[in-house]
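Descriptive structure summary
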Amino acid sequence: MNREVSFYPYLTPEEQDLLDRSMKRVTFRKGQVIHRHGDSCVGLIFIRRGRLAFSVLSEEGREITLFRVDSGGTCILSAACVFRGIEMESQITAETNTDISVLPAPVLAQFMAENVEVERIVYKQAVQQYADVLKTMQQIVFFSLEKRLASFLHSESERRGSPAFSMTHEQIARCIGSSREVVTRTLNQFATRGIVALGRGTITILDQDALKELLNGGKQQ
């Protein structure tokens, strides 16, 4: 199953053997913290089943989810210690019951030092995930709450391939940099306008065109 790791085909037979011997499989329960800033460096995380959330904490203790990684994806920023001068205060949490495989940081660093293709792929993935971080921060700084929520609902619907999905208001608040109370109030406003229908722990998008109109609105002043 380690063949699913993005750079596996570019490894030499000896490197593939080292990866197979080094990868450690771990299971986490929903809500369990996998890594906190200040812990020893994790290394590369490959998600075999479930979903991880990469978050930062404000000085007030509010958690903001910067990006999420689903089954089959890789969390490369869990190995930020491998990149010189690139690190942030963060934590990684299992959003669902999750199975992961971890390639220890020293082994990843060895591969990057000795195999130019591994280095290229890893840096490409790191840039993509930092782009996700910057996109989230840009929305928090420049977009109104209503537009951030509309963007999140639209993206989540597309990601899951369904207009209906299960998610708590607290989870949504972490993803858009707000509070649960504000998210609940805005969702209720969307429901009154016929944009969404709210159930127990579920959200159904009824009017995608209305969401797109909100997305096309201006940035907050």
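Fair warning: this is a prediction, and the values are worked out from it, not measured in the lab.

This next bit is on the sheet that holds strand E10 (residues 196-198). Spatial strand order, E9-E11-E10: 3 strands in an open sheet with antiparallel pairing. Of all strands in the sheet, those with a lone pairing partner are strand E9 (164-166) and E10, marking the two edges. Going across the sheet, the axis of each strand differs from the next one's by a mean of 20°, ignoring polarity. Judged from the 3 bridges that link them, E9 and strand E11 (residues 202-205) form a sheet pairing that is antiparallel. Paired with alanine 164 across the bridge in E11 is threonine 204. Where helix H4 (residues 145-160) meets the sheet, it contacts E9, E10 and E11, and its direction lies at approximately 95° from that of E9.

Moving on, we get to the sheet that holds strand E6 (residues 74-75). Strand order across the open sheet formed by 4 strands is E1-E8-E3-E6, with antiparallel pairing between neighbours. Looking at the sheet topology across the chains shown, the edges are occupied by strand E1 (24-28) and E6. In this structure, strand E3 (residues 44-49) lies alongside E6, joined through 2 bridges in antiparallel fashion. From the neighbouring strand, phenylalanine 46 faces E6, where its bridge partner is threonine 74.

We now examine the layout of surface pockets. A volume near 500 Å³ is recorded for the largest pocket. Taken together, 18 residues line the largest pocket, and the ones lying closest to its centre are Leu66, Phe67, Thr136, Phe152 and Ser155. Within the residue set of the lining of the largest pocket, elements represented by two or more residues are strand E5 (63-70), helix H3 (116-142), H4 and helix H5 (169-176). Ranked by residue count, the leading element in the lining of the largest pocket is H4, at 6 residues.

Conventions used here
Residues numbered from 1 in each chain as written. Predicted model: local features only at pLDDT ≥ 70, side-chain atom pairs only at ≥ 80, totals over all residues. Heavy atoms only, no water. Pairing = 2+ DSSP bridges. Helix = DSSP H or I, 4+ residues; strand = E, 2+ residues; numbered from the N terminus. Axes fitted to C-alpha atoms, helices over the stretch in contact; angles between N-to-C directions. Contact = heavy atoms within 4.5 Å. 1 Å grid on protein atoms, 1.4 Å probe; cavity = no way out; pocket = protein on both sides within 12 Å on 5 of 7 lines; lining within 4 Å. Points joined across faces, edges and corners; volume = space filled by probe spheres on them.

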